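# Architecture and fold: a report
Chain by chain, the residues run as shown.
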Amino acid sequence: MATINDIAARLGISKSTVSKGLNNARDVSEEMRKRILETAVEMGYVNKRQQKREKTICILIENMEFHTPNQFGHDLVLGFKQMAEPAGWTVDIIPIDMDFQRGIPYGVFMMEHGYQASFILGLSLLDPWMHEFRTSRIPTVLYDNYIKENPYIASVGCDSQEGFELAVKHLTGLGHKKIGLISGPLESHILKARYNAYLRAMDRYGLEINENYIGLGYFVNDSTRKYIPKLLDEGVTAILFSHDVRAISAITECDDRGIRIPEDISIVGFDDLPMTNHTQPSLTTIRQDRISLGKCGFYALSCLLNNVPIGSILLRASLIVRNSTGPAPQRKSAAAVRKDP
């Protein structure tokens, strides 16, 4: 563990200047303070005095609504705080974006504000801080992301593999054999995980894996507009979606095109957002218990804070069957259609 002496030696300055920089003294320039903080983070320094004085952690959140009750981010935050606050922690909620991350290194931000650990929601593989997590020594828990070989970083999420296998089992029980996938681009850990979960689930149930049954697109509405007719033309009778928002967009697209759900196509989402019980038809989906995920976030963080190098926690998935799935349609072959009068 680095000391103030080590930082002072590295920078060629006095111990008192390092101490002042670490504790935001006014008689240290902003440029010097920044150099001190960056060097302290690089060397793995922990400000024990500040940790004893304050018991504060943070939730850093990007691309996720958390102010409104029943929203995904809101429930994750609520579950986390339900565990953290009774344990005596103050929890700060801080929205971030890519520009914010480019403006200050993760370790410097955490040290500057005296945060001992963080729970991070909503980052993609393209976010600047993701690279820093590979070597960070700050106890950090990522939701739906994973960093290898760093005992200071843990992850929590829902078991995508179990969820997709439950969905494929349900659909095969209804007679579906050609099952497609519509997802966002594979720029996040969770979308990659669900893409691979789809492939493994199809393989487990002996179903054809065909790249023509898969649609990947960034914009939700454009993706459904493009891939719904394409997958139907391929003979797909059921589609899995990486998130409920995409599945709900597909319901709207099918309604506009006169495609009946589930008579012509069955649809399965992922998340079980509150609105899924009120779509027409109501959406069959894989449920994530958001409150429990938030609680697991704090549990994983408390393990790291107590020097228990936990890797990841995956909650069990459950399939909520509603009206958007039904028996596979009996479609006539091209030869049979030509024989019809």
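Before going further, it helps to examine the overall build of the chain. Of regular secondary structure, the chain possesses 14 helices and twelve strands. Dimensions along the principal axes, computed over C-alpha positions, put the chain at roughly 95 × 35 × 35 Å. Across the chain, the fraction of contacts at a sequence separation of at least 24, relative to all contacts at a separation of at least 6, is 69%. Of the roughly 16,600 Å² of accessible surface on the chain, a fraction of 49% belongs to carbon and sulfur atoms.

Before going further, it helps to spend a moment on the packing of aromatic side chains. Geometry of an aromatic ring pair is reported as the spacing of the ring centres plus the angle between the planes. Tallied over the full model, the rule gives eleven aromatic pairs. Between F80 and F119, the ring centres sit 5.1 Å apart and the planes meet at 10°, which makes this aromatic pair stacked. One end of the pair, F80, is in helix α5 (residues 72-84); the other, F119, is in strand β3 (residues 118-121), with 39 residues separating them in the sequence. Relative to W129, the ring of F100 lies with its centre 6.0 Å away and its plane at 70°, an arrangement referred to as edge-to-face. Taken together, the residues F100 in helix α6 (residues 98-103) and W129 in helix α8 (residues 129-132) connect sequence positions 29 residues apart. Accessibility expressed as a relative area gives 28% for F100, which makes it partly exposed. The rings of F100, Y106, F109, Y115, W129 and F133 are connected pair by pair, giving a single aromatic cluster. Against the face of F270 rests R194, its NZ or CZ located 3.7 Å from the ring centre.

Here we come to helix α3 (residues 30-43). Its 14 residues place the ends of α3 20 Å apart at the C-alpha level, agreeing with the 20 Å of an ideal helix rising 1.5 Å per residue. Inspection of α3 places M32, R33, I36, L37, T39, A40 and M43 among the buried residues, and these make up the whole buried set. Taken end-on, α3 shows its buried residues confined to a sector of 165°, consistent with a single buried face. Turned more than 90 degrees away from the buried face of α3, the exposed residues are E30, E31 and E42. Each element contacted by the buried residues of α3 is listed here: α1 (4-11), α2 (15-22) and α7 (106-113). Directly beyond the C-terminal end of α3, a positive phi value near 80° is found at G44.

Take the pairing of strand β4 (residues 140-143) next. Residues T140 and L142 of β4 are buried on one face, and the alternating residues V141 and Y143, pointing to the opposite face, are buried as well. Summarising the sheet, β3 and β4 pair through three bridges and their orientation is parallel. Across the sheet, I120 pairs through a bridge with L142, a residue of β4. Sheet topology places β4 next to strand β5 (residues 153-158); four bridges connect them, and they run parallel. Counterpart to L142 in the pairing with β5 is S155.

This next bit is on the sheet that holds β3. In space, the six strands of this open sheet follow the order β2-β1-β3-β4-β5-β11, with parallel pairing throughout. Each edge of the sheet is formed by a strand with only one pairing partner; in this case those strands are β2 (90-95) and β11 (312-315). Neighbour to neighbour, the strand axes of the sheet diverge by 15° on average, direction disregarded. As defined by bridge partners, strand β1 (residues 56-61) adjoins β2 across six bridges and the pair is classed as parallel.

Let us now look at the packing of helix α9 (residues 160-173) against helix α10 (residues 189-204). One can describe the packing of α9 onto α10 by two numbers: an axis separation of 8 Å at closest approach and a directional angle of 45°. When the interaxial angle is binned, α9 and α10 end up oblique. The hand of the α9/α10 crossing is right-handed. Residues S160, Q161, F164, E165 and V168 of α9 form the contact with α10, whose participating residues are I190, A193, R194, N196, A197, Y198, R200, A201 and R204. Class assignment of the residues belonging to the contact of α9 with α10 gives a composition of seven nonpolar, three polar and four charged.

As a further point, take the sheet that holds strand β9 (residues 266-271). Here we have six strands laid out as an open sheet, ordered β7-β6-β8-β9-β10-β12, and mixed in their pairing. Strands with a single pairing partner mark the edges of an open sheet, and in this sheet they are β7 (214-216) and β12 (318-320). Taking each pair of neighbouring strands and ignoring which way they run, the sheet shows an average axis angle of 20°. By the bridge criterion, three bridges tie strand β10 (residues 284-287) to β12 in an arrangement that is antiparallel. Within the sheet, the bridge partner assigned to R287 lies in β12 and is S318. Strand contacts of α9: β6 (179-183), β8 (238-241), β9, β10 and β12, with the helix running at about 165° to β8, the strand carrying the most contacts. Across the sheet, α10 lies against β6, β7, β8 and β9, angled at about 175° from β6, the strand it touches most.

How each quantity is defined
- Residues numbered from 1 in each chain as written.
- Predicted model: local features only at pLDDT ≥ 70, side-chain atom pairs only at ≥ 80, totals over all residues.
- Heavy atoms only, no water.
- Helix = DSSP H or I, 4+ residues; strand = E, 2+ residues; numbered from the N terminus.
- Contact = heavy atoms within 4.5 Å.
- Areas by Shrake-Rupley, 256 points an atom, 1.4 Å probe, with all protein chains shown as cover.
- Phe/Tyr/Trp six-rings, centres within 6.5 Å; stacked < 30°, edge-to-face > 60°.
- Buried < 20%, exposed > 50% of the residue type's maximum accessible area, 1.4 Å probe, protein only.
- Lys NZ or Arg CZ within 6 Å of the ring centre and 35° of its normal.
- Expected span 1.5 Å × (residues − 1).
- Arc of directions from axis to C-beta.
- Pairing = 2+ DSSP bridges.
- Axes fitted to C-alpha atoms, helices over the stretch in contact; angles between N-to-C directions.
- Parallel < 35°, antiparallel > 145°, perpendicular 65-115°, else oblique.
- Left-handed = near helix turned anticlockwise from the far one by under 90°.
- Nonpolar A, V, L, I, M, F, W, Y, C, P; charged D, E, K, R; others polar.

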